[in-house]
Amino acid sequence: MPQTDLTWNTALLYPAPDSPELEADLGSFEKLAADFRDKFFEKTATLDNTALLAAIREYEALQNLMSKPFCYAHLLFASDSGNEVYRAISQRCSELGNKLSQQLLFFDLELMELSDDRFESFRAFPEAANYLHFLEGIRKFRPHTLKENEERLLTRKDLTGVRAFTKLFDELSASFSYQMELDGELKTFTGEELLSLLHHTSPDVRFRAMTVFLERHGEHGIVYNAVFNNMALDHGQEMELRQYQTPIQPTNIGNEIPDEAVEHLMCVTEANYGLAQEYFRIKAGIFKMEKLRNCDVYAPVAEAERKYDFAEAKAVVVDSYREYSPEFGNIVEAFFTERRVDVLPRTGKSGGAFAMGISPELPPFLLLNFTGTLRDLATIAHEAGHGLHFVISQKQSLLNYHAPLPLAETASVFGEMLLTRRLLDNEQDPVVRKSLLCAKIEDIIATTFRQTVLTRFELRLHNERTAGLLSNDRISEIWLEENGKLFGDSVEMIPAYSWGWSYISHFIHSRFYCYSYTFAELLVLALFQKYREEGDSFKPGYHALLESGGALSPAETARLAGIDITDSGFWQKGYDVLAGLIEELKQIV
Ligand SMILES: [Zn+2]
């Protein structure tokens, strides 16, 4: 295959970075935004239903126009950040985008400030149906929003308050380099590199890597103590000001998931900790260890990993989607035949992987950094799933195009499950099967059980902070207690693990985000189980779920596939899939 076939064809969007088409689009936005502002600024509340609907549609059309060149610029920059032309376009777009959003911000604010009566009247207007979820999304924080000058004061004081502590946390953690002996030599590592040694084959290396990493954080315990205490105190005070009942409530409102559903999710997860413990005992058996230490949990089970070339990897992924449905197979294959994927790593290209859905009228693109590992194969299936979701939800208009956050990972993780199933079903070699199963089981443990441990810890931290300052000893105690519930007597926690809470940036950057991983993974496992049980009759519901994009709340979207997210029985279905995988593993070992 010629090299060019492995890069994406951005000419599907614009002929070239210097094309008149791109210039014409970029040159038109400021006037369009200014016209929109002239028409509606401080008038939104005075519009009748027909005029309000027209205004929202005009706003949506404007966003639609802007998404094309901005996404194009992002794709160019991601493909080669060293290219001066790409850098210039990208910079121009981000400055222009900032300017435009400042111009248009008033519209969101005025929609939020519409009186409840006004909103109810619009809700009853039949043609408004398409925009109700969008409006509810804007208005959901209305009861917790303060007066404008109070909000401005808070934002201003955050700069030297909570944001200063966040920055301190980031700067301190980023300043660390670590020294550790490896292969008879004293070497210097970044934190990332050190943590990747948890996948090393030597138990001693794994133990030292984790210990060196955590003890380093412990040396700065005074700073971490101040950061964690102040973040929790700040949030507590804001909860009081904004009249939230529990520390997790703002996150749940943002996710549109009822508090009870989150609590159910975590209780069912905790009730299944025994599954993780069973797996840890099996893994200890594979290593002929009496008991795993927590630094051994992600150790590799096979000496050598199987490698895939790209053509083979692509074929397996396309086939696993096609096996589910010919339509899915065709959609995924089109990414490759239409060259909407940038495949290989190279200097200047973005790391990691992403899928970009631009707008309902334009085809999505994928970025990969394929090196031939099993993990890379799963990444193709993952990003292709996002891409598929973007294609299937193209029936929606732009404001409803993107799936609600808790459901954004549905098609991607479902696609990974399709791939795992196909690989397992077609693999005879027990060594490869064992690796496949362990990789999937560990993935599920990390995204469900561990995230629930983190969320429980975080809840206790916030709740206890309301009664006064927490010492590091107390924080560690809560941390080890919650981890201890997961590990039981199947895993021994190493001494340095008492600092395990100190480096987790989600606690500082995105409070209570962790349970979203549990939610997404379990939702998909349960969907997958439903598919295995129901076969073809499952498919129309799942299709409807994907097709609805962001038109509905997560609970309503899940209901399209016959799922009630407030029902604990439903979450248990997800753990039944995990139990099945552990059972399969037991057959081999
Ligand atoms: Zn994803």
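To keep things clear, this report deals only with the structure shown in the data block.

The rules behind each value
- Residues numbered from 1 in each chain as written.
- Predicted model: local features only at pLDDT ≥ 70, side-chain atom pairs only at ≥ 80, totals over all residues.
- Helix = DSSP H or I, 4+ residues; strand = E, 2+ residues; numbered from the N terminus.
- Rg over C-alpha atoms; globule rule 2.2 N^0.38 Å.
- Buried ≥ 20, exposed ≤ 12 C-beta atoms within 10 Å, placed from the backbone.
- Contact = placed C-beta atoms within 7 Å.
- Pairing = 2+ DSSP bridges.
- Axes fitted to C-alpha atoms, helices over the stretch in contact; angles between N-to-C directions.
- Parallel < 35°, antiparallel > 145°, perpendicular 65-115°, else oblique.
- Core = buried A, V, L, I, M, F, W, Y, C linked by C-beta atoms within 7 Å.
- Left-handed = near helix turned anticlockwise from the far one by under 90°.
- Nonpolar A, V, L, I, M, F, W, Y, C, P; charged D, E, K, R; others polar.
- Expected span 1.5 Å × (residues − 1).

Describing the overall build of the protein chain
For the protein chain, the count of helices and strands is 25 helices and seven strands. The C-alpha atoms of the protein chain give 25 Å as radius of gyration, which agrees with the globular expectation for 589 residues (25 Å, within 12%). Considered along the principal axes of its C-alpha atoms, the protein chain spans approximately 75 × 65 × 50 Å. For the protein chain, buried positions account for 37% of its 589 residues. Sequence separation of at least 24 residues holds for 76% of the intrachain contacts in the protein chain that already meet a minimum separation of 6.

A look at the pairing of strand β1 (residues 178–182)
Bridge analysis of β1 against strand β2 (residues 185–189) gives five bridges, and the strand direction is antiparallel. Residue L182 lies in a different strand from β2, and its bridge partner there is E185. Where β1 folds back onto β2 in an antiparallel hairpin, the turn is made up of two residues, including D183, whose phi is positive at roughly 50°.

Points about the packing of helix α22 (residues 514–534) against helix α25 (residues 568–588)
Viewed as axis vectors pointing N to C, α22 and α25 meet at an angle of 80°, and their least axial separation amounts to 7 Å. Comparing their axes, α25 and α22 come out roughly perpendicular. Between α22 and α25, the contacting residues are L522, L525, A526, F528, Q529 and K530 on the first element and F570, W571, K573, G574, D576, V577 and L578 on the second.

Side note on the nonpolar core
In summary, soluble globular proteins display a tendency toward joint burial of nonpolar side chains. Of all hydrophobic cores here, the largest spans 118 residues; its most connected members are L265, V317, V332, A384, I441, V524 and L527. For this core, the leading source of residues is α22, giving 13 residues. Once you skip the residues sitting within four places of it in the chain, V524 turns out to touch T410, V413, F414 and M417. One finds I56, Y59, F107 and L114 within the second-largest nonpolar core, a separate group that totals 13 residues.

Describing the packing of helix α2 (residues 49–79) against helix α3 (residues 84–113)
At a closest axis distance of 9 Å, the pairing of α2 and α3 adopts a crossing angle of 155°. With respect to their mutual orientation, α2 and α3 come out roughly antiparallel. Like other packed secondary-structure pairs, α2 and α3 cross with a definite hand, here left-handed. When α2 is examined against α3, the residues Y59, M66, P69, F70, A73, H74, L76 and F77 are found in contact with a partner set consisting of Y86, R87, I89, S90, C93, G97, L100 and F107. Residues of the contact of α2 with α3, tallied by class, amount to 12 nonpolar, three polar and one charged.

Quick notes on unusual backbone geometry
Look at E42: it is not a glycine, yet its phi comes out positive at around 60°. Assignment of secondary structure puts E42 in the loop between α1 (20–40) and α2. Unusually for a residue other than glycine, R339 sits at a positive phi of about 55°.

Structural notes on the environment of R375
Positionally, R375 belongs in helix α16 (residues 374–392). Between the alpha carbons of R375 and A439 there is a distance of 8.8 Å; along the sequence they are 64 residues apart.

A look at the sheet that holds strand β4 (residues 341–342)
Taken together, the three strands give an open sheet; going across it, the order is β4-β6-β5, and neighbouring strands pair in mixed fashion. With partners counted over all chains shown, the strands left at the sheet margins are β4 and β5 (354–356), one partner each. Running over the sheet, α16 touches β5 and β6 (365–367) and is turned about 15° from β5.

Observations regarding the environment of G329
Mapped onto the secondary structure, G329 falls in helix α15 (residues 326–337). For the pair G329 and L388, spaced 59 residues apart in the sequence, the C-alpha separation amounts to 9.4 Å. Excluding residues that lie within four positions of it along the chain, G329 makes contacts with V318, Y321 and R322.

Describing helix α19 (residues 449–465)
Compared with an ideal rise of 1.5 Å per residue, which puts 17 residues at 24 Å, α19 spans 24 Å between its outermost C-alpha atoms and is within 8% of the ideal. Counting buried positions along α19 gives 12 out of 17 residues, so the element sits mostly inside the fold. When we look at burial in α19, the residues that qualify are F449, Q451, T452, V453, L454, T455, R456, F457, E458, L461, H462 and R465.

Some thoughts on helix α17 (residues 410–425)
An ideal rise of 1.5 Å per residue puts 22 Å on 16 residues; α17 measures up with 22 Å between its terminal C-alpha atoms. Among the 16 residues of α17, 12 are classified as buried, and the element is accordingly described as predominantly covered. Listed in full, the buried residues belonging to α17 are T410, A411, S412, V413, F414, G415, E416, M417, L418, L419, T420 and L423. The secondary structure elements touched by the buried residues of α17 are α14 (310–324), α16, α18 (430–447), α22 and α23 (539–547).

A few points about the environment of P363
On the secondary structure map, P363 appears in the loop between β5 and β6. A count of 18 C-beta atoms within 10 Å places P363 in the partly exposed class. C-alpha of P363 to C-alpha of L12: the two residues are 351 residues apart in sequence and 8.4 Å apart in space. With residues up to four places along the chain from it excluded, the contact list for P363 reads L12, E338 and R340.

So far we have only geometry, and geometry alone does not tell us how the molecule works.
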